[in-house]
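Letter by letter, the chains look like this.
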Amino acid sequence: MAKRKREDNSTISTMELNLLNNNKKQFHDHQPNTMKSRPIIFILRNASLTKGFVHKRWKILDSDDDRDFLLKQNKNLDDFRPAIVYQALREILDSKLNKAGMVRAVYVKTDEGVLFEIKSHVRIPRTCKRFCGVMLELLREKCIRTEDTNEVLMHVIEEPVTRHLPVNSRVVGLSYSAEKLVDIDKWVQWPMEKSMRSTQMISYQCRIIDWNRKPA
């Protein structure tokens, strides 16, 4: 399982994504017809994708490879773990949920505040090192395109992320530090609550839940 970065980090872990995959059929079977085709958008926050100049070259800093460099800079090694977001993205994009066409978009916000989108049909590199190379290019060029068709695969977008969400979206946050502990099998069967809307702004209902802890 991909370890969490910090207690208040809402980056989705491997276990949480596997749980979503396992519950996809249950969610599908218990929702009314109007809900069965609603896509899912993933938002990964606090992604550890920090650029650094090490040994005369730019790279994405990794506490495993750049330990000595980071310690000399008095940095916290736990803040430089790109493998967390790498593993989370692989779980999402390789999931049965995505293969069924249920993932509409994936948004990632780095720990330095850069927000970017990854198209759901993108194939993530099979190694974290190659993934970091792609992320370095994305942060430098702001966009990754295919060579043959010039199709945009990943690109930096404007904040806030809510401007990219559909109207009346239901937003759910997963966190180890959430106050609300739920039974995930029952929770995914609850009907969607209506979001409030006005001419000035759109509000998104957001619940922060934790399904991983055992009840006391």
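All residue numbers refer to positions counted from 1 along the written sequence of the respective chain. In view of the model being predicted, local features appear only for residues whose pLDDT reaches at least 70, and side-chain atom pairs are presented and counted only at 80 or more, with totals across whole chains, interfaces and linings using the full set of residues. Side-chain figures throughout are based on the complete set of non-hydrogen atoms in the structure, without hydrogens or water.

A. Structural detail: the overall build of the protein chain. For the protein chain, the helix and strand inventory stands at 8 helices and 10 strands. Looking at the protein chain alone, contacts between residues at least 24 apart form 68% of all its contacts between residues at least 6 apart. Note on areas: Shrake-Rupley, 1.4 Å probe, and residue coverage restricted to the protein chains presented here. Approximately 13200 Å² of the protein chain is accessible, and the part contributed by carbon and sulfur atoms is 49%. Going along the chain from the N terminus, every DSSP run of H or I of four or more residues is numbered as a helix, and every run of E of two or more is numbered as a strand. In what follows, a contact means two residues having at least one pair of non-hydrogen atoms within 4.5 Å.

B. Structural detail: the sheet that holds strand E4 (residues 103-110). Here, a strand pair is defined by DSSP locating no fewer than two bridges between the strands. If you trace the 5 strands from one edge of the open sheet to the other, you get E1-E4-E5-E7-E6, paired in mixed fashion. Whereas interior strands pair on both sides, the edge strands pair on one side only; in this sheet they are strand E1 (40-47) and strand E6 (143-145). Strand-to-strand twist in this sheet, taken as the mean axis angle between neighbours without regard to direction, amounts to 15 degrees. For every element, the axis is a line fit to its C-alpha atoms; helices are fit only across the contacting stretch, and the angle between N-to-C directions ranges from 0 to 180 degrees.

C. A look at the packing of aromatic side chains. Any pair of Phe, Tyr and Trp rings, taking the six-membered ring for Trp, is counted once the centres come within 6.5 Å. Such a pair is stacked with planes under 30 degrees apart, edge-to-face with planes over 60 apart, and tilted for the rest. Using the criterion set out here, one finds 2 aromatic pairs in the structure. Here Tyr86 and Phe131 contribute two aromatic rings whose centre-to-centre distance is 5.2 Å and whose plane-to-plane angle is 45 degrees, an arrangement assigned as tilted. On the criterion of sequence distance, the pair formed by Tyr86 in helix H5 (residues 82-93) and Phe131 in helix H7 (residues 128-141) is long-range, its members being 45 residues apart.

D. View of the layout of surface pockets. Definitions used throughout: a 1 Å grid over protein atoms alone; a cavity as a set of points that fits a 1.4 Å probe which cannot get out; a pocket as an open set with protein on both sides within 12 Å along at least five of seven lines; a lining residue as one with an atom within 4 Å of a point. Grid points are joined across faces, edges and corners, and a volume is the space filled by probe spheres set on the points. A volume near 240 Å³ is recorded for the second largest pocket. The wall of the second largest pocket is formed by Arg57, Trp58, Lys59, Ile60, Asp62, Asp65, Cys128, Lys129, Cys132, Gly133 and Leu136. Of all the secondary structure elements, the ones that give two or more residues to the lining of the second largest pocket are strand E3 (57-60) and H7. Of the residues forming the lining of the second largest pocket, the biggest block, 5 residues, is contributed by H7. The nonpolar class holds Ala, Val, Leu, Ile, Met, Phe, Trp, Tyr, Cys and Pro. Asp, Glu, Lys and Arg form the charged class, and all remaining residues, Gly among them, are polar. Considering only residue class, the lining of the second largest pocket consists of 5 nonpolar, 1 polar and 5 charged.

E. Expanded view of the nonpolar core. What makes a nonpolar core is a set of buried Ala, Val, Leu, Ile, Met, Phe, Trp, Tyr and Cys residues whose side-chain atoms join them at distances within 4.5 Å. Working definition: with a 1.4 Å probe on protein chains only, accessible area under 20% of the residue-type maximum means buried, over 50% means exposed, and in between means partly exposed. Within the largest apolar cluster, 30 residues are counted, with the highest numbers of intra-cluster contacts made by Leu89, Val108 and Phe131. Elements represented by at least two residues in this core include exactly E1, H5, E4, strand E5 (115-118), H7 and strand E7 (152-156). Of all the elements, H7 adds the most residues to this core, at 7 residues. With near-sequence residues (within four places) excluded, Val108 lies in contact with Leu44, Ala47, Val85, Leu89, Val114, Leu115, Phe116 and Ile118. Counting 6 residues, the second-largest nonpolar core is a separate cluster that includes Tyr107, Leu115, Ile157 and Val161.

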